[in-house]
Structure formats: C-alpha cells, structure tokens
Amino acid sequence: MSTDTSTAVRSEIMVEAPIERAFAVFTEEMQTWWNPDHHLIETAEMIVEPRVGGNIVDRGPDGSECRWSRVLAYEPPTLFVFSWDINTRWELEPDPDKTSEVAVTFTAEAPDRTQVVLEHRHLDRHGEGWEGMRDAVGSGWSDLAGLKDAIEGRPPFPG
Amino acid sequence: MTDSIGQTLIALGDPTRREVFELVAARPRAVGELAAELPVSRPAVSQHLRVLKEAGLVTDEAVGARRVYQLHPEGVAELRDYLDGFWNRSLRAFKAAAEADDKEER
C-alpha cells in the first residue's frame, strides 16, 4: 500500500546504542520511555507480547488490562509494527479497519549507533476527525521552521 | 496548560511579533535595538514585547537605564513540547532510555 505523507506522521532519531539494544528498549522496556500521561487506563506496566498477533497491553496496578494495540510485525532487531486501536475520542477502537498503524524500523549505522525511523500511517482510517489524531501525534513545526531555529539557538536569518 | 499554549500561539500569530521574538531569541536585546532593526516604531515594539511577555515567551530585566528582553526558557520549552508532538517527544525519551547504562535502569 502506498504511503501518502499527508495521512502519515514520520519521526526519526539517532540512538547511540547497538541495534539489538535499541529494539529491546523500544519493545521490552516500553514503559521506561512511554509518556505516563498517555494511557487509556492507569498503567503500572506495559507489556509487548513479542509475536505477530500479540498485543501491547497496559496493565493497571489492580491487574486490569487495556489491550490497545495488535502486533503486526515483530522482526528483531530491525522491524516492529503495531496497530493504533484508538479512536478520535481517545477510546479503544474495536474495528481494525478504523485503526492506524505505527511502523518502526531500526538500522545499524555503526556497532554502537542505530537509526530509528517511526512512521504512524493510515491515519485517515480513523474516519471523521482523523486530522485531529494526526495533529496530536505529529509535529506542529511545519510552518514554523524559522521559529524552531530561533528557539534552538541558530541564527533566525541566513547570512 | 492548554490555555497558556493558546495564548502563546496567538502571540506568535503576528508576523512582526514573531520577528521580534526571533531577534530576542538570537540574543537579549533592548527595545531601542529592536526598533532599529525592524520597520516598526518603538511603541509598537514595546506593545509586541508586552504580548510576548504575557505569553511567557520572554522576560525583561533592567540593565542600567535600559530594559533588556530575553527568552524565557520555561515558556519556550512548553511551546516546543507542544509543537514537537507525541512521537518526537516519545522518541527523545526512548533515545535517553536506550542510551542509559543498563545498571541505571529499573
């Protein structure tokens, strides 16, 4: 399926760590970096079931579970794809046809350096109001590049 | 949080005010310096600075007889977090976790 950039959000980062570690931290240690404010239930633990057809499970302190994602590809240490079974009202979306997906690819640039590219795609599948989901997960910088440079300490004007 | 971000975005919605902000971001500047660099009057610059200050983007400080304006790091960080969006913020946190020594982890 083609990737229409207007219905996808892309983000990438260079990590000073071996590819195996990068993949492991992204999947097995998701709760160490996932924003604690971004869960549908109070979450004590995040579990990625390491197989296609498994789930990403948020588990509450009382043992309650929220299975908000399906693992669509699990190919350590290079590829992890999972679904985004959340609707535009930030509730669980039971219909897989109305969910988007997040593809994460890991590329070893050096033994201790890994390029991580994340694409959150097919956001239009969320239906009416999907642009709000795109804006929430994506960046608002597109029209504000000069401002971004200014904040980050680079000269705002060339020359 | 949402309200203050709204105020911040409104403050930066005006192109001249954004130019004032970018000049202050490059280095601290006094009102007179800004007026000299921009095609607007000194009172207009002061008005733009007042809006930027109320939005939490700049702070001012008296240096001798002059009032010097500079970036307000907390306000700028909030704006940056907002504009970066969920995945950019998450990947930065992921990078920090992946680069941390194993022994520092839980």
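Here's a quick rundown of the structure. Please read all numbers here as calculations on a predicted model, not as lab measurements.

**Considerations on the overall build of chain A**
For step 1, the next point in the chain: The secondary structure content of chain A amounts to 3 helices and 7 strands.
For step 2, the next point in the chain: Sequence-ordered secondary structure for chain A, helices as α and strands as β, is β-α-β-β-β-β-β-β-α-α.
For step 3, the next point in the chain: Across the 159 residues in chain A, those meeting the buried criterion constitute 26%.
For step 4, the next point in the chain: Relative to all contacts within chain A whose residues are 6 or more apart in sequence, the contacts with residues 24 or more apart total 39%.

**Points about the interface of chain B and chain A**
For step 1, the next point in the chain: Counting from both sides, the interface comprises 26 residues of chain B and, opposite them, 32 residues of chain A.
For step 2, the next point in the chain: Sorting the residues of the side of chain B that touches chain A by element identifies helix H2 (15-26) and helix H5 (73-99) of chain B as the ones contributing at least two each.
For step 3, the next point in the chain: It is H5 of chain B that provides the largest number of residues to the side of chain B that touches chain A, a total of 19 residues.
For step 4, the next point in the chain: Considered class by class, the residues forming the side of chain B that touches chain A number 14 nonpolar, 3 polar and 9 charged.

**Regarding the sheet that holds strand S1 (residues 29-30) of chain B**
By way of backbone hydrogen bonds, the strands of a sheet pair with one another, either parallel or antiparallel.
Residues and elements named next belong to chain B.
For step 1, the next point in the chain: Pairing in this open sheet of 3 strands is antiparallel, and the strands run S1-S3-S2 from one edge to the other. The open sheet has two edge strands, S1 and strand S2 (58-63), and neither has a second partner.
For step 2, the next point in the chain: On top of the sheet, helix H4 (residues 42-54) reaches S2 and strand S3 (66-71); it is set at about 120 degrees to S2, its chief contact.

**As for the packing of helix H1 (residues 19-27) of chain A against H5 of chain B**
The angle between the axes and the distance between the axes are what describe a pair of packed helices.
For step 1, the next point in the chain: With their axes 9 Å apart at the nearest point, H1 of chain A and H5 of chain B run at an angle of 120 degrees to one another. Relative to H5 of chain B, the element H1 of chain A is oriented oblique. With respect to the hand of their crossing, H1 of chain A and H5 of chain B are arranged in right-handed fashion. Here Arg-21, Ala-22, Val-25 and Phe-26 of chain A of H1 of chain A lie close against H5 of chain B, whose contacting residues are Phe-94, Ala-97 and Ala-98 of chain B.
For step 2, the next point in the chain: Residue composition of the contact of H1 of chain A with H5 of chain B, by class: 6 nonpolar, no polar and 1 charged.

**Quick word on the pairing of strand S5 (residues 79-84) of chain A**
Residue and element names in this part refer to chain A.
For step 1, the next point in the chain: Relative to S5, strand S4 (residues 65-75) runs antiparallel, the two sharing 4 bridges. Pairing of Ala-73 across the sheet is with Val-81, part of S5.
For step 2, the next point in the chain: In sequence, S4 turns back onto S5 through a hairpin of 3 residues.
For step 3, the next point in the chain: Sheet topology places S5 next to strand S6 (residues 100-110); 6 bridges connect them, and they run antiparallel. Paired with Ser-83 across the bridge in S6 is Glu-101.

**Let's talk about the sheet that holds S4 of chain A**
Residue and element names in this part refer to chain A.
For step 1, the next point in the chain: The sheet built from 7 strands is open, its strands ordered S1-S7-S6-S5-S4-S3-S2 with antiparallel pairing. Of all strands in the sheet, those with a lone pairing partner are strand S1 (9-15) and strand S2 (45-48), marking the two edges. Mean inter-strand twist for the sheet, computed between neighbouring axes without regard to direction, equals 20 degrees.

**Thoughts on the packing of H2 of chain B against H4 of chain B**
All names here are of chain B.
For step 1, the next point in the chain: Here H2 crosses H4 at 80 degrees, and the two axes come no closer than 10 Å. Put simply, H2 runs roughly perpendicular to H4. For the pair H2 and H4, the contacting residues are Thr-16, Arg-17, Val-20 and Phe-21 in the first and Val-45, His-48, Leu-49, Val-51 and Leu-52 in the second.
For step 2, the next point in the chain: For the contact of H2 with H4, the per-class residue count stands at 6 nonpolar, 2 polar and 1 charged.

**Points about the nonpolar core**
For step 1, the next point in the chain: Within the largest apolar cluster, 29 residues are counted, with the highest numbers of intra-cluster contacts made by Ala-22, Phe-26 and Val-116 of chain A together with Phe-94 and Ala-98 of chain B.
For step 2, the next point in the chain: Breaking this core down by element, the ones donating at least two residues are S1, H1, S2, S5, S6, strand S7 (113-121) and helix H2 (130-137) of chain A together with H5 of chain B.
For step 3, the next point in the chain: Setting aside chain neighbours within four positions, we find Phe-26 of chain A in contact with Phe-80 and Val-104 of chain A together with Phe-94 of chain B.
For step 4, the next point in the chain: Core analysis: the second largest hydrophobic core is formed by 18 residues, Val-20, Leu-23, Leu-49 and Leu-79 of chain B among them.

**Overview of the environment of Thr-43 of chain A**
Residues and elements named next belong to chain A.
For step 1, the next point in the chain: Relative to the helices and strands, Thr-43 is located in the loop between H1 and S2.
For step 2, the next point in the chain: Taking the C-alpha atoms as reference points, Thr-43 and Val-57, 14 residues apart in sequence, are found 9.4 Å from one another.
For step 3, the next point in the chain: Once residues within four sequence positions are removed from consideration, Thr-43 is found in contact with Asp-58, Arg-59 and Gly-60.

**A short note on the pairing of S3 of chain B**
Residues and elements named next belong to chain B.
For step 1, the next point in the chain: By the bridge criterion, 2 bridges tie S1 to S3 in an arrangement that is antiparallel. Its bridge partner lying in S3, Ala-30 is registered against Val-68.
For step 2, the next point in the chain: With antiparallel pairing between neighbouring strands as the criterion, S2 and S3 make up a hairpin whose turn holds 2 residues, including Gly-64 at a positive phi of roughly 65 degrees.

Cut-offs applied
Residues numbered from 1 in each chain as written. Chains lettered and ligands numbered in written order. Predicted model: local features only at pLDDT ≥ 70, side-chain atom pairs only at ≥ 80, totals over all residues. Helix = DSSP H or I, 4+ residues; strand = E, 2+ residues; numbered from the N terminus. Buried ≥ 20, exposed ≤ 12 C-beta atoms within 10 Å, placed from the backbone. Contact = placed C-beta atoms within 7 Å. Nonpolar A, V, L, I, M, F, W, Y, C, P; charged D, E, K, R; others polar. Pairing = 2+ DSSP bridges. Axes fitted to C-alpha atoms, helices over the stretch in contact; angles between N-to-C directions. Parallel < 35°, antiparallel > 145°, perpendicular 65-115°, else oblique. Left-handed = near helix turned anticlockwise from the far one by under 90°. Core = buried A, V, L, I, M, F, W, Y, C linked by C-beta atoms within 7 Å.

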